[in-house]
Amino acid sequence: MIVEIGHFALVLSLAVAMVQSVLPIIGARKGDERLMETGAIAATGGFVLIGISFAALMSSYVTSDFSVLNVAENSNSLQPLLYKFTSTWGNHEGSMLLWVLILAFFGSLVALFGRDLPATLKANVLSVQAWILTAFLLFILLTSNPFERLDPAPMEGQDLNPILQDIGLAIHPPMLYLGYVGFSIAFSFAIAALIDGRIDAAWARWVRPWTLIAWIFLTLGIAMGSYWAYYELGWGGWWFWDPVENASFMPWLAGTALLHSALVMEKRSALKIWTILLAILTFSLSLLGTFLVRSGVLTSVHAFATDPTRGVFILCILCLFIGGALFLFALRAPSLAGGGLFAPISREGALVFNNLFLTTAAATVLVGTLYPLVLEVVAGQKISVGAPFFDLTFGPLMVPLLFAVPFGPLLGWKRGDLLGAAQRLYFAAGCALAALVGVLAFTGGTRVLTAFGFALAFWLLAGSLTDLFLRAAFLKVGWRTGLSRLLGLPSSAFGATLAHFGLGVTLLGIVSVSSFQQELITSMAPGKTAEIAGYTLSFDRIDQRPGPNFDAQAATFTVRQGGVEMTKIETSKRFFPVRQMTTTESGIWTHWFSQLYLSLGDPSPDLQTIVVRIWWKPFVTLIWIGTVFMGLGGVFSLADRRLRVGAPTRSRRKAAGRDAALGAGA
Amino acid sequence: MTRKAKRLYSIGAMLVVVGGALGLVLTALSSSVAYFQSPTDLVNNAPGPAQRIRLGGLVEDGSVKRDDGSSHITFRVTDTVDSVPVSYTGILPDLFREGQGVIAEGTLGPDRVFAADTVLAKHDENYMPKEVVDDLKARGLWEDGKGLVKKPQETVSATQVGAGS
C-alpha cells in the first residue's frame, strides 16, 4: 500500500510539474499575478509529493519489502540499518528519484526565499525549473520506475553492491547531487532572463547565492567521493581521472568560472553575455554527467544498470535542454547591452583570465572524457584515455591560473596596477622561493618539478593571505587596530581568501603525495616485519571475523617507530556470500597530516603468506582539508550581507563599500 | 581603451590559450592513449614497444603463477583463439579469477611477454569488461544472454561468465 502511495505521489507530482511548466510563464507574459503565483504553490507542492514518494521507497527498503523489484535487487534483510536507508539511492531508480527530489527541493527554495525577486522573473524561473523536472519525472516513470512490484516476492534480496556498503554512500551522493542539481537554478535564471530579454547587475546578485550553494556542495561532494574511493578501493589513489569522476569535475570547473564571472557582472555589470552562457554550460555539463553516469555508456561502479532505452531517453533530454538553451541564447544574446569597460590589467581582467583558463581546462577534460566514446562510434576503435593524458593537458593549464590567483584580489576594478600588486606579493614570493630552495636542498637538487610544485603551493598559501593582511593594514596601524579592522572586513573578503588558501592547501597535499609517497608491496607471514618511511610494521596475526552479511579476514599490524609502539592497524578482506564478492577494507593510520595506508592482496596457495601493500602518504589529508577550506570560503561569501537579497538598502551598501575602499586605501 | 580594442585583446588572449590547450590535447592524444587489443590482435600484429595497449580477454585457466615471497605474478590472457603471457607486479584486484574477464594495461615487450602496470577486473561477479564482450561478440565467440559460445577450458561454464552483457 505504501509503495502504491509512493508511485501515485510521483505521478501526481508529474501532473503538478506540467502545470508549473505552463501557467507561471503565461502569467509572466500576460502580467497576470494570480497565474504567476501558481508557480510557488506548485513548486512547494511538487516537492512535498516527491518527498512522499521518496519516503515511501525508503520505507520499503527499511522494512525489506522484497515484493518491490528494486528492493529485492538491491537490498538484503541482513544489512545493517544504515545501509538499508542508503540502499534507497544505491541503485539506478532510487538515485534518479533522489535527483528529482533535490531538483524539486531547489525549486521550492526559490519559491520560498525568492520573495524579493521581480514577480515575472520568479515565475519564469519556476517554469523553467518545472520543464527540467517534467523531463526527469517522465524519464523515471517511463523507463526507471522504482516502485515496480515483483510477484511472487522472493524470501531474500540480492544485497547492495558491497563496495557501496559504506558510510560514504550516506554522504557522497546526496552532497554531490545538491551540487550537480543546484546548478539548475543558475540555468533556470539564465533562461528566464533570456526569455525576458532583460538582464542587469541585480540578476547576478540573485543568481550568485544559488550558484555558491551548489558550488559548496559540489566541492565537498567531489572531495568526499575522492576520499571514499581512496579508502574503499584499496588502490591508494585519490583521483583516477575516471570518466565518472570527470563527469562531476567538469561542472565544478565551469561552476567555479561562473562564480567568478558573476562577480564581475554584479560589480561592474560587464561580461553579461558570457555569464549567461556559463550558467547554461555549467548545468549542461551537469546533465552530460548524468547522462554519462546513468546511461550505461561507461562501465563503472556508478553505472547500475545498462538499459539502452534509458541512455537514449537521457540523451534526448540532454539535446533538448542544451540545444534549446543555446538556441535561445543565440537568438537573444546580441540584444543584451554590454556593460562597463575595463583595462586588461584590472580585477575584471584577472577574472576573465580565470574564466579563460577554467573553461579551457574544462574543455580539455571534456575532450579526454568524450573522445573514446566518439572514436568508438565513428571509427570503431577502442581506446582509453587515462591519467597520462590529463597530466599532460590539465596540469599545464592549471599552472598559469594558480600562479595568477594571488594577483587577482590585489588588482583594482577597472584599471589595476600590476607592478603595485607584484610589490605587495614580495612576502609570498619569498615564501615560494624558500620552499623552492628548501625542497631542492632536501632532495639534493634532483627534484626540480617537485620543488616548483611546492613553491607554487606556498605562493598560493601566502599570496591568498596577503590580501586580508594588507586590508587590515597590520603593518601601518599595529596589531590591535589591525585586528579590529580585520574583523570589520566584509565576510566575502574572508570567503575569497579562505577558498584560495584551500586551493593552496590541496595543491600542497597533491604535490607532497605525488612526489614523496613510498610504496612497498611484499609477501608477509604473521610474525614478519616490514620497514617503510622510518616505521617498522610487524604482522601480528590474521583471523576470521564474521560480520552481519559478510565474512571478514582481518590482519592486525603493529606500527613502531624507533622501537616505540605508535599504533595498531587493522586491514581486512570481506567476502559477501550473497553477491559472491570480495571487498578490501584498507587500514589507515593518520599521523598528523600524513597517513600510513595498508591493504591486503591474495594469500599464497599454501595460505602461509599474504601479499600486503603498504604506503606512506605524506600530507595526503591536506588534499581533502583544502577542499573543506574552499567550502568554508563559500559559506563566508554566502554570509556576506550584500548577497542577502533585500537585506541591505542601497545607501547602506554604498556606505559599506566606501568603508571598505577607505580601508583598502589607508 | 575602446570597446573594439578590448575585444581584440580578449579574442587574442583566448586564441593563445585555446590554441595552446589544443596543442597539448593533440600531443597527449598521440602519445598517452592506450588502444584496446585482443590477444589475437597482439599475436598477429605486434605493436611497437612504446605503444600503450589495453589487453582484454579472459584469464586462462591454470595459467596464474605467483612467485614465492614476492608479488610478481604471471598469467595468460586468452580470447579462446590466441593467448598472450602477461607479467605483473603488484596486488591483483579482488575479482581477478581464472576464467574471468580482465583488462591489463601496459606494453608488449620484445620477448612477446606483455608487461602490465595495471590490471583491472571490476565490481561484481558477473562483470565482463565491456570492451572484451564487444570484441568477442564481433567475432562470434559470444552471444547475449548465453556468454561464451566456445569455451576456452572445460571448467569455465557459461553461467560463470555470462549475464554480464
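All values reported here derive from a predicted model rather than from experimental measurement.

Rules of the game
- Residues numbered from 1 in each chain as written.
- Chains lettered and ligands numbered in written order.
- Predicted model: local features only at pLDDT ≥ 70, side-chain atom pairs only at ≥ 80, totals over all residues.
- pLDDT = per-residue confidence, 0-100.
- Helix = DSSP H or I, 4+ residues; strand = E, 2+ residues; numbered from the N terminus.
- Contact = placed C-beta atoms within 7 Å.
- Pairing = 2+ DSSP bridges.
- Axes fitted to C-alpha atoms, helices over the stretch in contact; angles between N-to-C directions.
- Nonpolar A, V, L, I, M, F, W, Y, C, P; charged D, E, K, R; others polar.
- Expected span 1.5 Å × (residues − 1).
- Buried ≥ 20, exposed ≤ 12 C-beta atoms within 10 Å, placed from the backbone.
- Core = buried A, V, L, I, M, F, W, Y, C linked by C-beta atoms within 7 Å.

### A look at the confidence of the model for chain B
Residues and elements named next belong to chain B.
Step number 1: On average, residues of chain B carry a pLDDT of 76, and 76% of them reach 70 or more.
Step number 2: Across chain B, element-level confidence peaks in strand E5 (residues 83–89) with a mean pLDDT of 90 and bottoms out in helix H4 (residues 158–161) with 36.
Step number 3: In the predicted structure, residues 151–165 sits below a pLDDT of 50 and forms 33 contacts with residues beyond four places in sequence or in another chain.
Step number 4: Complex prediction metrics read pTM 0.89 and ipTM 0.75.

### A few points about the sheet that holds strand E8 (residues 587–591) of chain A
Strands belonging to one sheet form pairs held by backbone hydrogen bonds; the direction of such a pair is parallel or antiparallel.
All names here are of chain A.
Step number 1: The 4 strands are arranged E2-E10-E9-E8 in an open sheet whose pairing can be described as antiparallel. Of all the strands in the sheet, just strand E2 (518–524) and E8 have a single pairing partner and so form its edges. On average, adjacent strands in this sheet sit at an angle of 15 degrees to one another, irrespective of strand direction.
Step number 2: Where strand E9 (residues 594–603) and strand E10 (residues 610–617) come together, 7 bridges link them in antiparallel fashion. Bridge pairing in E10 links Gln-595 to Lys-617.

### Looking at the interface of chain B and chain A
Step number 1: Taken together, the contacts link 36 residues of chain B with 42 residues of chain A.
Step number 2: Counting only elements with at least two residues in the side of chain B that touches chain A, the list comes to helix H1 (3–31), strand E1 (33–37) and helix H3 (130–138) of chain B.
Step number 3: Considering each element in turn, the side of chain B that touches chain A owes the most residues, 14 residues, to H1 of chain B.
Step number 4: In terms of residue class, the side of chain B that touches chain A is made up of 18 nonpolar, 8 polar and 10 charged.
Step number 5: Relative to E1 of chain B, strand E1 (residues 383–385) of chain A is paired through 3 bridges, and the arrangement is antiparallel. Residue Val-385 of chain A lies in a different strand from E1 of chain B, and its bridge partner there is Val-33 of chain B.

### Details of helix H11 (residues 308–332) of chain A
Three or four residues apart is the spacing at which side chains of an α-helix point the same way, because the helix has 3.6 residues per turn.
Residue and element names in this part refer to chain A.
Step number 1: Between the first and last C-alpha of H11 there are 36 Å, a value that for 25 residues agrees with the 36 Å anticipated at 1.5 Å per step.
Step number 2: For H11, every residue scored as buried is listed here: Arg-310, Phe-313, Ile-314, Phe-321, Ala-325 and Phe-329.
Step number 3: Looking at the buried positions of H11, the neighbouring elements they touch are helix H6 (119–143), helix H7 (168–196) and helix H10 (272–294).

### Here's the deal with the sheet that holds strand E7 (residues 581–585) of chain A
All names here are of chain A.
Step number 1: Ordered in space as E3-E4-E5-E6-E7, the 5 strands form an open sheet in which the pairing is antiparallel. Every other strand in the sheet has two partners, leaving strand E3 (529–532) and E7 as the edge strands with one partner each. With direction set aside, neighbouring strand axes in the sheet form an average angle of 25 degrees.

### Looking at the confidence of the model for chain A
Step number 1: Summary statistics for chain A give a mean pLDDT of 89 and a share of 94% for residues scoring 70 or more.
Step number 2: Confidence over residues 646–666 of chain A falls short of pLDDT 50; this stretch has 12 contacts with residues more than four positions distant or in other chains.

### Some details on the nonpolar core
Step number 1: With 216 residues, the main nonpolar core has Val-100, Ala-186 and Phe-189 of chain A as its most contacted residues.
Step number 2: Residues Tyr-83, Leu-160, Leu-164 and Leu-169 of chain A belong to the second largest nonpolar core, which totals 5 residues.

### Observations regarding the pairing of strand E6 (residues 564–576) of chain A
Residue and element names in this part refer to chain A.
Step number 1: Alignment of strand E5 (residues 551–561) against E6, held across 11 bridges, turns out to be antiparallel. Note that in E6 the partner of Phe-557 across the bridge is Ile-569.
Step number 2: Adjacent in sequence and paired antiparallel, E5 and E6 are bridged by 2 residues, among which Gly-562 carries a positive phi angle near 55 degrees.
Step number 3: Bridge analysis of E6 against E7 gives 5 bridges, and the strand direction is antiparallel. Looking at the pairing, Ser-572 lines up with Glu-585 of E7.

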